[in-house]
Amino acid sequence: MSITPFQALGCPLDGTPLHCHSSAWRCASGHSFDIASQGYTNLLPVQNKRSRDPGDSKEMIAARRRFLTAGFYQPIAAAVSRAVLADLPARAGGSCLDAGCGEGYYLRQLTAAVPEAQTLALLGLDISKWAVLSAAKQDRRVNWVVGSNANLPVLPGTLDRVLCMFGFPVYPEFARVLKPGGRLLQVDAGPDHLRELREIIYPSLKPERTTELPTPAGFSRLPAETVRFSIELTSAEQIADLLTMTPHLYRAKAEGRAEAAALTALSLSVDVRLTCFEQEPG
C-alpha cells in the first residue's frame, strides 16, 4: 500500500491552486500559508472564524483520542473503510477527504485497511486547530489542514471520496470537490445511538427522526448500511471521555451530567447509519 498526502489544495482566499514550497503553501496571487512544525497547515482565514478558537476544544479532542484509541468504535471504522475502498480502481490510485476529521482516528484506520496494491492520497480537515494538531502528531503521511466545510480549500473535481463522520455536511461544497462518480460517505447517529446514556442525562428523550436523509442535489443514492453493536464502559473515566467528546456535554443540564459522573460502568448501544451518495456526471 502507498499512503500519500493529498496535494490538490486551493487557496482559501481566492480559490486558485496552492503549491507547496518547502515550509509553506503559496498561490499565484501571493497568498502564503505556513506549514507548522508539527506538519499541518492552517487554511482557515481569520475572517472566516466565528470565534477565536472554533471547533472542539483541546479537552474534547483529548477525550476523543482516548476513547477511540481504546477501540470502542472500531466496527464503525471498519464499515467506513470498506465503503471508501469499494469500487476504487486498485492500481489507478484514489483520493479521500475526511471533512471534520477530529484527531484523525478514521483516516488512520483507513490507512491500515488499504490493500497492498492500492495508492491513496489522504486529506484530513477540521475547523478545530487542536484536532488537526493531534492528528498531525500521529500520522505524517496524511495532509492535515485547519479549514471549514463551508469553504473547502480543495480544487474542484479532485476527490474520489469524501467522509463526513457525525459532522456538518455542506453538500454544495462536497459536490464541488468530488469527481464525477465520486462518493460522499456520511455517518449519522441512529435512533438508538447511546440511548442508555441519553436516558440518564436527559429528563426525557425527543422522538427520533426515522426517515432517511434526503438525497442532495447533484447526487444519487447508493445502498445504505446500519451498523449496530454494544459496548461496555468499565470506568468513570471512560464514561467521562464519551460524554466529553459528544454534543451531549453541552446539551445536558447539570443534574444529568452529575448522574453520569457518578457511574463507574455502563452498557451502551451503538447505532449509526452509513449513507452513501454518488456524484452524478454533470
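Nothing here was measured: the structure is a model prediction, and the numbers come from that model.

Caption draft 1: Examining the overall build of the protein more closely. Secondary structure assignment for the protein yields 9 helices and 12 strands. In terms of overall dimensions, the protein is globule-like: its C-alpha atoms have a radius of gyration of 19 Å, near the 19 Å expected for 282 residues. A buried classification covers 48% of the 282 residues belonging to the protein.

Caption draft 2: Quick peek at the side chain of Asp-126. Examined against the element boundaries, Asp-126 turns out to sit in strand S7 (residues 119-126). It is Arg-64 that comes nearest to the buried, bridge-free Asp-126 among opposite-charge side chains, at 6.5 Å. A polar contact of 2.8 Å, which involves the side chain of Asp-126, links it to the backbone nitrogen of Gly-102. With residues near it in sequence (within four places) discarded, Asp-126 still touches Gly-100, Cys-101, Gly-102, Ala-131, Val-132, Val-145, Val-146 and Gly-147.

Caption draft 3: The pattern of salt bridges, seen in detail. Overall, the coordinates contain 12 salt bridges when judged by the stated rule. A salt bridge links Arg-64 to Asp-56, with the shortest nitrogen-to-oxygen separation between them at 2.8 Å. When the shortest N-O distance is used, the salt bridge between Asp-139 and Arg-141 registers 2.9 Å. Among the residues examined, Asp-139 registers a relative accessible area of 8% and is labelled buried. For Arg-141, a relative accessible area of 33% corresponds to the partly exposed category. By sharing partners, the salt bridges in this structure join Asp-87, Arg-183 and Glu-278 into a single network.

Caption draft 4: Layout of helix H1 (residues 58-69). Between its terminal C-alpha atoms H1 stretches 16 Å, which fits the 16 Å expected from 12 residues at 1.5 Å a residue. Along H1, the residues classified as buried are Met-60, Ile-61, Ala-63, Arg-64, Phe-67 and Leu-68. Taken down its axis, H1 places every buried residue within 160° of arc, on the same side. Summarising the geometry of H1, the exposed residues directed more than 90 degrees from the buried face are Lys-58, Glu-59 and Thr-69.

Caption draft 5: Inspection of the packing of helix H2 (residues 74-85) against helix H3 (residues 105-113) at higher detail. Running from N to C, H2 and H3 point in directions that differ by 60°, and their axes come no closer than 9 Å. Comparing their axes, H3 and H2 come out oblique. Both H2 and H3 take part in a crossing whose hand is right-handed. Along its contact with H2, which presents Gln-74, Ile-76, Ala-77, Ser-81, Val-84 and Leu-85, the element H3 presents Tyr-105, Tyr-106, Gln-109, Leu-110 and Ala-113. Classifying every residue of the contact of H2 with H3 by side-chain character gives 8 nonpolar, 3 polar and no charged.

Calculation criteria
Each chain has its residues counted from 1, following the order in which its sequence is written. Owing to the predicted nature of the model, reporting of local features is limited to residues with pLDDT of at least 70; listing and counting of side-chain atom pairs is limited to 80 or more, with chain, interface and lining totals taken over all residues. Based on all heavy atoms of the structure, the side-chain values leave hydrogens and waters out of the count. For the purposes of this entry, the term helix denotes a DSSP run of H or I that reaches at least four residues, the term strand denotes a run of E that reaches at least two, and both are numbered from the N terminus. A radius of gyration in this sense is built from C-alpha atoms; the matching globule rule multiplies 2.2 Å by the number of residues raised to 0.38. Accessibility here uses a 1.4 Å probe with only protein chains present; expressed as a share of the type maximum, an area under 20% marks a residue as buried, one over 50% as exposed, and anything in between as partly exposed. As used throughout, the charge tally considers Lys and Arg to be positive and Asp and Glu to be negative, leaving His and the chain termini uncounted. When a carboxyl oxygen of Asp or Glu is within 4 Å of a side-chain nitrogen of Lys or Arg, the pair counts as a salt bridge. Side-chain atoms alone can form a polar contact between residues adjacent in sequence; in general such a contact is a pair of N or O atoms within 3.5 Å, and within protein one must be able to donate a hydrogen while the other accepts it. Contacts are assigned to residue pairs with any non-hydrogen atoms lying within 4.5 Å of each other. Expected span of a helix, by definition, is 1.5 Å for each gap between consecutive residues, and there is one gap fewer than residues. Directions drawn from the helix axis to the C-beta atoms are what define this arc. Lines are fitted to the C-alpha atoms to define the axes, a helix being fitted only along its stretch in contact, and any angle between axes, read from their N-to-C directions, falls within 0 to 180 degrees. Any angle that is under 35 degrees is reported as roughly parallel, and any over 145 degrees as roughly antiparallel; angles of 65 to 115 degrees are reported as roughly perpendicular and all others as oblique. Handedness of a helix crossing follows the sense of rotation of the near helix relative to the far helix, less than a right angle counterclockwise being left-handed and clockwise being right-handed. All residues other than Ala, Val, Leu, Ile, Met, Phe, Trp, Tyr, Cys, Pro, Asp, Glu, Lys and Arg, Gly among them, are scored as polar; the first ten of these are nonpolar and the last four charged.

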